[in-house]
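A structural walkthrough
Given next are the chains, with one letter for each unit.
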Amino acid sequence: MTYDFIIVGAGIVGLSTAYKLSESFPDLDILVLEKEDEVAAHQTGNNSGVIHSGIYYEPNSYRAKNCVEGRHQLVDFCRQYDVDHEICGKVIVATEEDDIPRLDNIFETGKINDIEGIKKISPQEVTEIEPYVTNSVKGIHVPCSGIVDYVGVCKKLRSLIEEKGNAVTCGQEVKKIDNSQKDLSVTTDKSSFSSRYLINCAGLYSDHVAETAGVFPDIQIVPFRGEYFELKPEAEHFVNGLIYPMPNPAFPFLGVHFTKMVSGAIECGPNAVFAFEREGYEKLSFNLNETIETLNFPGFQKLAQEHWKMGLDEWYRSFSKKAFVKGLQDLIPAIRPKHLKKSPSGVRAMALKPNGEILDDFHYETTKNEIHVLNAPSPAATAGLAIGDEILERAEQAFAL
Ligand SMILES: Cc1cc2nc3c(=O)[nH]c(=O)nc-3n(C[C@H](O)[C@H](O)[C@H](O)COP(=O)(O)OP(=O)(O)OC[C@H]3O[C@@H](n4cnc5c(N)ncnc54)[C@H](O)[C@@H]3O)c2cc1C
């Protein structure tokens, strides 16, 4: 048979896209192909589990618009389908006087982005919300931030897609996309499929999947591992909700933070360490071809030249628990190494331009019968359902659905 759409990747972006397509066009035949044995096996299933408010993102960017809209949709979805979540609120904390102008800027961005209920708070008010954050100089309270079980969201999306008569097929790695004929021919490691259109939502491998279709984007994915510790049960009382530091403006990462999980556990992290393998979850994970590919990329060389010191600091912090804890103590001085145990890592797909610039916003490339999602960094899990709407709109326009 010839499908109407093949979607590559069953992370939250691929599944949200399939879900939105199947809701709007129930007659379409949709196939999601996922290389792993289950959905949400990479970024979506190994992230911090936070429902971001949208406070940080450049006004009018896709990240800002899709995060706010996606958050509302996500919370409604979780309520409707009984997926674990909690709107526990978050504090962003400045611990140095010098950070206050940047904190004020974040607040102003939040106002422009229409984030409900945000409030600048004094150190006393910070400690009323988070009693162990004792050395702040100012904070922002973001009551609409929360936590969610993203794997649970993806499992529910899968079942809704399948209820509509569509398929999510795991264990099929897309190797080649041939678009030389009217219909696309998609070859996996096990089989071959035909489709009128294709949407590439392959996360850490989205650039490679695009290349198999003859689309050579101007960006390359560079993997950055985020490592976590977890508070031992006797230390969980240090944290009530979400506690975030001031982000480093040079990077798209939010800094090592404390995150309450829906399981009740408290995670600390993630840091951001260059990974020598795109799906390298361990400190010593290494893939020769992928490492050479990254080292040869001019964008990575420029990034490394500019930020080598920060890169080394992150490496040191990766291997030294004491250094990791020092970062955490900026937020909660009472934390000690004995309070932490190791927790699994995640790997972020960071899209770099050849000039070394980090591509901040979500990014798509469209051909006559394909849409390639080439950058879907944080907050793409929060924004997933709105990204699905965005892709649906693009498909309607480009393919005259
Ligand atoms: C450490 C970390 C913390 C984060 N914290 C948050 C957070 O708290 N809140 C938030 O909103 N966002 C967070 N993010 C970002 C968020 O998780 C990602 O932006 C989002 O999950 C991206 O979803 P995706 O579907 O594009 O990618 P993925 O979830 O990586 O899915 C891509 C899928 O494509 C599959 N695939 C790849 N190649 C092929 C192929 N050739 N054939 C078939 N299948 C293929 C992969 O196996 C994978 O399942 C975090 C990310 C990380 C890594």
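The model shown is predicted, which means the values in this text are computed figures rather than measured ones.

Here we come to the overall build of the protein chain. For the protein chain, the count of helices and strands is ten helices and 20 strands. In terms of its C-alpha atoms, the protein chain occupies a principal-axis envelope of roughly 65 × 45 × 35 Å. Per-residue burial over the protein chain gives 55% buried out of 401 residues. Carbon together with sulfur atoms contributes 49% to the accessible area of the protein chain, which is approximately 16,700 Å² in total.

For the rest of this paragraph, the subject is a nonpolar patch on the surface. Together, Phe286, Leu288 and Ile292 make up a nonpolar patch on the protein surface, roughly 310 Å² of accessible area in all. Its place among the elements puts isoleucine 292 in helix H7 (residues 288-296). Taking relative accessible area as the criterion, isoleucine 292 reaches 41% and is therefore assigned partly exposed.

All right, on to the UniProt feature "domain: FAD dependent oxidoreductase" (unreviewed entry) in the protein chain then. In this structure's numbering, the residues bearing the UniProt feature "domain: FAD dependent oxidoreductase" (unreviewed entry) are residues 4-393. Structurally, residues 4-393 is divided into 33% helix and 26% strand, and its ends, taken at the C-alpha atoms, are 16 Å apart.

Below, the discussion takes up the domain arrangement of the protein chain. Domain annotation for the protein chain reports domain 1 (2-46 + 151-219 + 360-399), domain 2 (90-142) and domain 3 (221-356). The interface is formed by 18 residues belonging to domain 1 together with 18 residues belonging to domain 3. Roughly 1,400 Å² of surface becomes buried between domain 1 and domain 3 when both sides are summed, with 49% attributable to carbon and sulfur atoms. Considering only the side of domain 1, the residues that lose the most area to domain 3 are Asn46, Leu204 and Ile219, jointly responsible for 39% of the buried surface there. The interface formed by domain 1 and domain 3 contains two salt bridges. A salt bridge links arginine 278 to aspartate 207; the shortest N-O distance between them is 2.6 Å. One can count ten residue pairs in polar contact (both at pLDDT 80 or more) joining domain 1 with domain 3.

About the thresholds
Residues numbered from 1 in each chain as written. Predicted model: local features only at pLDDT ≥ 70, side-chain atom pairs only at ≥ 80, totals over all residues. Heavy atoms only, no water. Helix = DSSP H or I, 4+ residues; strand = E, 2+ residues; numbered from the N terminus. Buried < 20%, exposed > 50% of the residue type's maximum accessible area, 1.4 Å probe, protein only. Areas by Shrake-Rupley, 256 points an atom, 1.4 Å probe, with all protein chains shown as cover. Patch = residues over 30% accessible without salt bridge, like charges linked within 9 Å, V, L, I, M, F, W, Y side chains within 5 Å. Salt bridge = Lys/Arg side-chain N within 4 Å of Asp/Glu carboxyl O. UniProt positions renumbered as here; feature names shortened; annotations may be inferred. Domains from an automatic or database assignment. Contact = heavy atoms within 4.5 Å. Buried area = accessible area lost by both parts, 1.4 Å probe. Polar contact = N/O pair within 3.5 Å; in protein donor to acceptor, adjacent residues only side chain to side chain.

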